[in-house]
Amino acid sequence: MKIYFVFLLTLLTNTTFGQEPSATRITKHIHKLASDKMQGRGTGSPENAKAARYVEKYFKKYGLKPLGTDGYYQSFTAKVRRVVVPDSLRKAANVIGFLDNGAPYTIVIGAHYDHLGLGRQGSSLDSLPQGKIHNGADDNASGVAGLLEIAHYFTKNGVKEPYNFLFMAFGAEELGLQGSRYFLNNPTLPLDKLNFMVCMDMIGRYNPDRGVGIGGYGTSDTWPIVFKGAESSIKFFTDRAGNGGSDNAAFYAKQIPVLFFHTGGHPDYHKPSDDPDKIDAKAEEAILRLEIKLLLTALQQPKMTFTPVK
Ligand SMILES: [Zn+2]
């Protein structure tokens, strides 16, 4: 056991290990997913499908097992409620990869990959959004980069962890958490086998005055144990609530403990100006290191029990 901890400590402190999060890779993922070529990754668009294939490519590369209903994909029909254009049903999919450690319980790591496309799906904050590319670099190419980096870490660290991991890129979050809700109503793994869920949505615009917010602290009595003594080069704060912000809310509704990482709002939120050059990839790298530290501590705890937050 002692040797194991020394090994863990070495992993935590040795920054030259290839599995550690890298600002270079984060930048590459975000510039790819949020480039103008990707047309804002609107649900139902060919570019949205292209973003899904980008995630699939890395899931495959990292050796994750497909755990959708069609390979890595779990397809569903998304409904556009606030219609600006006539079509109200759009093809969507979650992309799901499984890291099987032969453990009884599984940790879910998730981030949505869709965004507002060309501003015709109703939630743009631009005064004249239609036809403008909403790149969604922070929202949520940053979270997808985080998802890929966490998958990279746990598939490359050479440790068989005591929990399995389910890595999920959700579709149609911007249309009302439709991908995560679809998964929870049609799970490809029994929900009672899930330990907790960690969501990343907008983790690319670190503001040193605010710090990164981590929601869901009150959703299990185990979180205070996990956070005890956690240190980071970046500023962070916890928030007890777990039922807002993103796909974590859908898991919370199913009484699954959650954590939600978020660097906060900014003037480019849901506007065409949410661009890759505004991302602080170095800070995102530090956020992911903190997230991995917390996960490594959580891996040493028994399966968590959900507690509702008043
Ligand atoms: Zn988002």
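Everything in this summary refers to the structure shown in the same document. Everything quoted here is computed from the prediction, not taken from an experiment.

1. Observations regarding the overall build of the protein chain
Across its full length, the protein chain holds eight helices and nine strands. For 310 residues, the compact-globule formula gives about 19 Å, and the C-alpha radius of gyration of the protein chain, at 18 Å, lands near that figure. Projected onto its principal axes, the C-alpha positions of the protein chain cover 60 × 40 × 40 Å. For the protein chain, buried positions account for 50% of its 310 residues.

2. Some remarks on the packing of helix H2 (residues 23-33) against helix H8 (residues 281-298)
Contact geometry of H2 with H8 gives a least axis separation of 8 Å together with a crossing angle of 115 degrees. Viewed along their axes, H2 and H8 adopt a mutual orientation that is roughly perpendicular. Considering how the two elements wind past one another, H2 and H8 form a crossing that is right-handed. Note on element contacts: H8 touches H2 through Ala 281, Lys 282, Glu 284 and Glu 285, opposite Ala 23, Ile 26 and Thr 27. Its residues assigned to classes, the contact of H2 with H8 comprises three nonpolar, one polar and three charged.

3. Overview of unusual backbone geometry
Of the consecutive residues Asp 139 and Asn 140, the connecting peptide bond is found in the cis state with omega at 5 degrees. As for its placement among the helices and strands, Asn 140 is situated in helix H4 (residues 137-156). Of note in this structure, Met 202 is not a glycine but carries a positive phi near 70 degrees. Mapped onto the fold, Met 202 is located in the loop between strand E6 (194-200) and strand E7 (212-215). In this structure Met 202 comes out as buried when scored by C-beta crowding, with 25 C-beta atoms within 10 Å.

4. Side note on the nonpolar core
For soluble globular proteins, the rule of thumb is that nonpolar side chains tend to be buried together. Counting 86 residues, the largest nonpolar core has Val 55, Val 144, Leu 147 and Ala 169 as the members making the most contacts within it. Residue contacts for Val 55: discarding those within four places in its chain leaves Val 95, Tyr 113, Val 144 and Ala 169.

5. Quick notes on the packing of H4 against H8
Two numbers describe how H4 lies on H8: the axes approach to 11 Å, and their chain directions differ by 50 degrees. Taken together, H4 and H8 sit at an angle that is classed as oblique. For the pair H4 and H8, the sense of crossing is right-handed. Taking contact as the criterion, the partners of Ser 142, Gly 146, Glu 149, Ile 150 and Tyr 153 in H4 are, on H8, Glu 284, Leu 288, Glu 291 and Ile 292.

6. Quick notes on the environment of Leu 294
Among the secondary structure elements, Leu 294 is positioned in helix H8. Remark: the alpha-carbon pair of Leu 294 and Ile 225, spanning 69 residues in sequence, is separated by 10.0 Å. Non-local contacts of Leu 294, meaning those with residues more than four positions away in its chain, are made with Val 226, Phe 227 and Ala 230.

7. Regarding H8
The terminal C-alpha atoms of H8, which comprises 18 residues, lie 25 Å apart, in line with the 26 Å expected from a rise of 1.5 Å per residue. Extensive coverage of H8 is indicated by the burial of 13 of its 18 residues.

8. Regarding the pairing of strand E9 (residues 258-262)
Taking burial as the measure, the five residues of E9 include five buried ones, the bulk of the element. The alternating pattern of E9 places Val 258, Phe 260 and His 262 on one face and Leu 259 and Phe 261 on the opposite face, and all of these are buried. Pairing between E6 and E9: four bridges, direction parallel. For Met 197, the partnering residue across the bridge sits in E9 and is Val 258. Pairing analysis gives three bridges linking E7 to E9, with the strands arranged antiparallel.

9. What to know about H2
Every buried residue of H2 is listed here: Ile 26, His 29, Ile 30 and Leu 33. The buried residues of H2 occupy one face: seen down the axis, they fall within an arc of 95 degrees. Among the structural elements, helix H3 (46-61), H4 and H8 are those in contact with the buried residues of H2.

10. Regarding the environment of Ala 92
Within the secondary structure, Ala 92 is located in strand E3 (residues 89-99). Among the residues examined, Ala 92 registers 25 C-beta atoms within 10 Å and is labelled buried. Residues Ala 92 and Pro 308, spaced 216 residues apart in sequence, show a C-alpha to C-alpha distance of 31 Å. Residues within four places of Ala 92 in sequence aside, it is in contact with Thr 43, Gly 44, Phe 76, Thr 77, Ala 78, Gly 171, Ala 172, Gln 178 and Gly 179.

11. Comments concerning the pairing of E7
Two strands pair when backbone bridges link them, and E7 and strand E8 (residues 236-239) are joined in this way by four bridges, in the parallel orientation. Opposite Gly 215, over in E8, you have Asp 239 as the bridge partner.

12. Describing the environment of His 112
Structurally, His 112 can be placed in strand E4 (residues 106-112). Other than its neighbours up to four places away in sequence, His 112 contacts Asn 140, Gly 143, Phe 170, Glu 173, Gly 179, Asp 201, Ser 246 and Asp 247.

The rules we used
- Residues numbered from 1 in each chain as written.
- Predicted model: local features only at pLDDT ≥ 70, side-chain atom pairs only at ≥ 80, totals over all residues.
- Helix = DSSP H or I, 4+ residues; strand = E, 2+ residues; numbered from the N terminus.
- Rg over C-alpha atoms; globule rule 2.2 N^0.38 Å.
- Buried ≥ 20, exposed ≤ 12 C-beta atoms within 10 Å, placed from the backbone.
- Axes fitted to C-alpha atoms, helices over the stretch in contact; angles between N-to-C directions.
- Parallel < 35°, antiparallel > 145°, perpendicular 65-115°, else oblique.
- Left-handed = near helix turned anticlockwise from the far one by under 90°.
- Contact = placed C-beta atoms within 7 Å.
- Nonpolar A, V, L, I, M, F, W, Y, C, P; charged D, E, K, R; others polar.
- Core = buried A, V, L, I, M, F, W, Y, C linked by C-beta atoms within 7 Å.
- Expected span 1.5 Å × (residues − 1).
- Pairing = 2+ DSSP bridges.
- Arc of directions from axis to C-beta.

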